[in-house]
Amino acid sequence: MTAKSAAAAARATVYGYPRQGRNRELKKAIEGYWKGRVTADALRTTAAGLRRTNWQQLADAGIDEVPTGDFSYYDHVLDTTVMVGAVPDRHRDAVAADRLDGYFAMARGTRDVAPLEMTKWFDTNYHYLVPELGPDTVFSADSAKQVGELKEAVALGLTARPVLVGPVTYLLLAKPAPGVAADFDPLTLLDRLLPVYAEVLADLRAAGAEWVQLDEPALVQDRTPAELNAAERAYRDLGALTDRPKLLAATYFDRLGNALPVLAKTPVEGLALDFTEAAAANLDALAAVGGLPGKRLVAGVVNGRNIWVNDLETSLATLGTLLGLADRVDVSASCSLLHVPLDTAPERDIAPQILRWLAFARQKITEIATLAKGLAQGTDTIAAELAANRADLASRAGSPITRDPAVRARTAAVTEADGRRSQPYDRRAAAQRAHLGLPLLPTTTIGSFPQTGEVRTARADLRAGRIDTAGYEERIKAEIQEVISFQEKAGLDVLVHGEAERNDMVQYFAEQLTGYLATQHGWVQSYGTRYVRPPVLAGDISRPEPMTVRWTEYARSLTDRPVKGMLTGPVTMLAWSFVRDDQSLADTARQVALALRDEVTDLEAAGTSVIQVDEPALRETLPLRAADRPAYLAWATEAFRLTTSGVRPDTQIHTHMCYAEFGDIVQAIDDLDADVISLEAARSHMQVARELASHGYPREAGPGVYDIHSPRVPSAEEAAELLRTGLEAIPAERLWVNPDCGLKTRGWAETRASLENLVAAARTVRGELPAR
């Protein structure tokens, strides 16, 4: 096919779409089902209605081929686990008794059975449930969900493309099941898994699928020759099947690298590539391998992970270059639109001119359709859209919101000494022990306590004008009093104020910093029914006034025990926001760090001796390619130290991380120079403690002994056993006892019981230690 005919054939498509609905109807229906207020049939009806709405929005916007199978009650990787029959043994009875309840049991656990481990989906803020596999795993096909949703779309008269997690990525994301040797490689199960995929593909073809998308984002990471050989074998074998649809192998989040020529040579009919930001190198790489003659190329030229309007003329230039490199070029976002909010239209608190700088999912599908039309029919057909786009880009570039000379001057004046504590850790640790007087195995929590209905109602009442600021603050004071009182009675050593006044650990600070924009409806799925509203980092950052000092001071006035000041760190402020794309992340991080440094200094001046600066996103933002990591870790750790290094030696700096694998960033954790780090560890049975010990980590650490992502209450003995495991790696004088993460999403009943058991476990194990 010539470049001209390839352009004429260009179609618009996407890899996936937000699941929640305009008003988060899916979240409400699922949580209603968990509480017994919504029946299973009602939940299924709500889900089916949301799927129809999504597909119709896509079709109405000009998307020629809609995705199916990307919709999920909880997680698409968990859906794949069900599809291939890899249900863990401990959940089989629950799944057999009730498929829906068994599905949620795998995600959330039950009173007696632990859930699957959860971790970050590559370098995004989405979390997936990690498959557990072993040499005895037996796969079996269950294509009911995938076939059913395809038939729903086809019945609406739509051209639909089922989307599956690819077999190689599925195995590369898996971990050895409990009881299986830690060095077991799930990829050795590939030959056992491929026949199951073949069966699912045959079922989808019989149901009317012309194309099926197999997502293989794991191939954009550094891969060994053996892993690349596995990918080649997988797609050679699947491509050789006779009873199958056409196959589109989709990759995203970064450049494909050595996997590109591997996939290009397989008999799959199409390849989807990311051409944004770090993945822009795919363009030259594709030309270097001779393009994709005879194949379909789906070009991800609209950023599926950020919310700025696309530069349509630049994207059209990229698409024009690609026309000579494939048999057919279609236009898409760079990845699933799951990672952005649904629609800018409901936003009322952002100025209309600024709102035109933003593109959420519905705006992105319009951009995709516009680009496809321009590619297929010529730029004259989209002249008005191009003119409006140029005006929006110029408006943003010239806005005073984006540049503050004072902020830039302060950032330029930063020296290396500003990012170093005044004394080394061993001298600081001695000063802190003398100052704080804590016991061995000190107990604490990560920061947040349950956000009760009363707190959420008070916040809603304040927004709606039903109560005034004074009335709202009285309710917050009452909540803080309850949190402090409970912690004292439970016997915790270092307390927190509970963060009742905070809507979200990033949004709360973003709303008080210049340069940020806050949305009212910009919800994005983090995991399961947990949705967040990432703020928009639009301009230069500064802190006009203290943000946390008042409530921390109030909590300290209620107790004689230490109360931690709680802040969100600069890397997490970036990672959990939609960041500006007009300057480097390092420059933006330094601006945020300086604003937070002012808050740390004010907390200390007000008498706060323990200050926690959370960085749960340090690992998740790690570049997917090893070659890109040293530069990232250099500016990320510098930003943390810049935030925390202005305090006295006897002020104890904590940090917290969760939701990720930490083994490959232990050196970076060390480079933060925090006095204490708490990490998620309960589901992984203290793996992170062993990783810290192997590195020779010299500071204090609190690997979590209570998994807060599950509603189950761990017994005191269970927590004690995890604590004993932690002591095998970390000496008692450096080991803290804490939950995995904050308690915001938990209920008070389970929180009380779990923390009481945590304290009991610490006392039991403390009593087992040799006398000092």
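Residues numbered from 1 in each chain as written. Predicted model: local features only at pLDDT ≥ 70, side-chain atom pairs only at ≥ 80, totals over all residues. Heavy atoms only, no water.

Q: What should I look at first to understand the packing of aromatic side chains in this one?
A: Think of a pair of aromatic rings as described by two things: how far the centres are apart, and how the planes are tilted against each other in angle. Applying the stated criterion across every chain, the model contains 15 aromatic pairs. Here Phe486 and Trp748 contribute two aromatic rings whose centre-to-centre distance is 5.6 Å and whose plane-to-plane angle is 85°, an arrangement assigned as edge-to-face. Of this pair, Phe486 sits in helix α20 (residues 469–490) while Trp748 sits in helix α29 (residues 748–768), placing them 262 residues apart in sequence. You'll find Phe486 and Trp748 in the same group, each marked buried. One aromatic cluster is present, formed by Tyr15, Trp121, Phe122, Tyr128, Tyr252 and Phe253 through successive ring pairs. Its guanidinium or amino end placed over the ring of Tyr554, Lys477 lies 5.6 Å from that ring's centre, counting from NZ or CZ. In this arrangement the basic side chain of Arg550 is found over the ring face of Trp551, its NZ or CZ atom lying 4.8 Å from the centre. (Phe/Tyr/Trp six-rings, centres within 6.5 Å; stacked < 30°, edge-to-face > 60°. Helix = DSSP H or I, 4+ residues; strand = E, 2+ residues; numbered from the N terminus. Buried < 20%, exposed > 50% of the residue type's maximum accessible area, 1.4 Å probe, protein only. Lys NZ or Arg CZ within 6 Å of the ring centre and 35° of its normal.)

Q: Looking at this structure, how should I read the pairing of strand β8 (residues 246–250)?
A: If a strand is regular, its side chains alternate between the two faces of the sheet. Within β8, four of the five residues are buried, which leaves it mostly tucked inside the rest of the structure. Judged from the five bridges that link them, strand β7 (residues 211–215) and β8 form a sheet pairing that is parallel. Paired with Asp215 across the two strands is Ala250, which belongs to β8. A crossover links β7 with its parallel partner β8, the connecting element being helix α10 (residues 225–239), and its sense is right-handed. In terms of strand pairing, β8 meets strand β9 (residues 270–274) through three bridges, oriented parallel. (Pairing = 2+ DSSP bridges. Right-handed = clockwise from strand over helix to strand, strands pointing away.)

Q: Can you help me understand the sheet that holds β9 in this one?
A: Neighbouring strands of a sheet are bound in pairs by backbone hydrogen bonds; such pairs are parallel or else antiparallel. If you walk across this open sheet you meet the seven strands as β1-β5-β7-β8-β9-β10-β11, and the pairing is parallel. For this open sheet the edge positions go to β1 (66–68) and β11 (326–333), each flanked by a neighbour on one side alone. Taking the axes of each pair of neighbouring strands and ignoring which way they run, one obtains an average angle of 30° across the sheet. (Axes fitted to C-alpha atoms, helices over the stretch in contact; angles between N-to-C directions.)

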